[in-house]
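Secondary and tertiary structure notes
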Amino acid sequence: MRIGNYEIDPVIDGTAQVPATVVFPNTGDSDWAPHRQLLDEDGRVGMTLGGFLLRGDGRAILVDVGLGHFELFGRKQGGRLLDNLALLGVRPEDVTDVVFSHLHLDHIGWASLNGNPVFSNATYRCDQRDWDYWISGPIEAMRGVPEEVAVNQRGAMKPVADRIETWSTDRVLFPGISVRHAPGHTPGSVVLVVSGGTERAVLLGDVAHCPVELLEEDWDGLGDVDPVLARATRNAAARELEGTNTLVSAGHFPGLAFGRLLKGQGRRRWVS
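An account of the accompanying structure is given in this report.

1. Side note on the pattern of salt bridges
Applying the stated criterion across every chain yields a total of 19 salt bridges. Between E240 and R200 there is a salt bridge, with its nearest N and O atoms 3.7 Å apart. Remark: R200 occurs in strand β13 (residues 199-203) and E240 occurs in helix α7 (residues 227-241); sequence separation between them is 40 residues. Residue classification places E240 among the partly exposed positions, given a relative accessible area of 36%. We classify R200 as partly exposed; its relative accessible area is 22%. Several salt bridges share partner residues, and in doing so they unite R59, D97, R125 and E165 into one network.

Structure below.
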């Protein structure tokens, strides 16, 4: 898919099939009845892990890098990102920039390996508020992940600390690519907007884990540090996107595929 100067490709690290009631614990079968197309035959939500490769203007930019060899839900769900990157003709040393939507482990797992940066020529970029919360702040002050996961997050990022560049306000990162603060899931969670002419694509990070969260305004997300703020951020994003031609994807949407949010009579619809 091309938007403006950038070719955008999903780069899958792995997949997980998670029972819908684990991802959304306050829901039941009747809640999911209008959204059965988003579940598999066993009532599970498909959670893809990975990131997006943006190529253009002399850059090869990775937005999030998956889980790597860490575990999720007690299993090693990832590990394929570099192989799938190679299928796109890109080596780790070809990557010029790694941009994190936030610093949860399943988005930073390939930041380093065996104490060395995986993307040896890249500048790593994130929101300062997430760096302060997850990496440099006290672990005992964190909410949203178990202590073991928090320790692993720090371990993944420590080898790239000297090549981190941060932002603290909404800004243009590169021509045609901007970041917008989208707090709640984490303090420094952001969405990335890729634009060119009249075309626009939005990468939501974990503002939504499944398209259903853009359809149901009262459902809570997964692993939000501040659930109330996360819901407000998510609903504001959905209202902005509905009825537009903006292409939308997120860090765990099935296949990291893009879709559009259509405005319906009394209920939004997701079309991929």
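Read on, since the account is not over.
2. Side note on the layout of surface pockets
Approximately 550 Å³ is the volume found for the largest pocket. Forming the walls of the largest pocket are 23 residues, and the residues nearest its centre are E71, L72, V145, P146 and V149. Within the residue set of the lining of the largest pocket, elements represented by two or more residues are α4 (105-108) and α6 (147-157). Counted by class, the lining of the largest pocket contains 10 nonpolar, 9 polar and 4 charged residues.

3. Things to note about the environment of P25
As for its placement among the helices and strands, P25 is situated in the loop between α1 (20-23) and α2 (29-32). You can call P25 exposed: its relative accessible area is 56%. Along the backbone, P25 and H102 are 77 residues apart, and their C-alpha atoms lie at a distance of 23 Å.

4. Describing the environment of V179
Looking at the element boundaries, V179 is found in strand β11 (residues 177-181). For V179, a relative accessible area of 1% corresponds to the buried category. A sequence separation of 23 residues divides V179 from V202, and the C-alpha atoms of the two residues are 9.8 Å apart.

5. Here's the deal with unusual backbone geometry
Of note, the phi angle at D64 is positive, near 70°, even though the residue is not glycine. When you line up the elements, D64 lands in the loop between β4 (59-63) and α3 (81-87). Not every positive phi belongs to a glycine, and L256 is a case in point at roughly 50°. Structurally, the position occupied by L256 is in the loop between β14 (247-249) and β15 (260-262). On the accessibility criterion, L256 (1% relative accessible area) is buried.

The rules behind these values
Residues numbered from 1 in each chain as written. Predicted model: local features only at pLDDT ≥ 70, side-chain atom pairs only at ≥ 80, totals over all residues. Heavy atoms only, no water. Salt bridge = Lys/Arg side-chain N within 4 Å of Asp/Glu carboxyl O. Helix = DSSP H or I, 4+ residues; strand = E, 2+ residues; numbered from the N terminus. Buried < 20%, exposed > 50% of the residue type's maximum accessible area, 1.4 Å probe, protein only. 1 Å grid on protein atoms, 1.4 Å probe; cavity = no way out; pocket = protein on both sides within 12 Å on 5 of 7 lines; lining within 4 Å. Points joined across faces, edges and corners; volume = space filled by probe spheres on them. Nonpolar A, V, L, I, M, F, W, Y, C, P; charged D, E, K, R; others polar.

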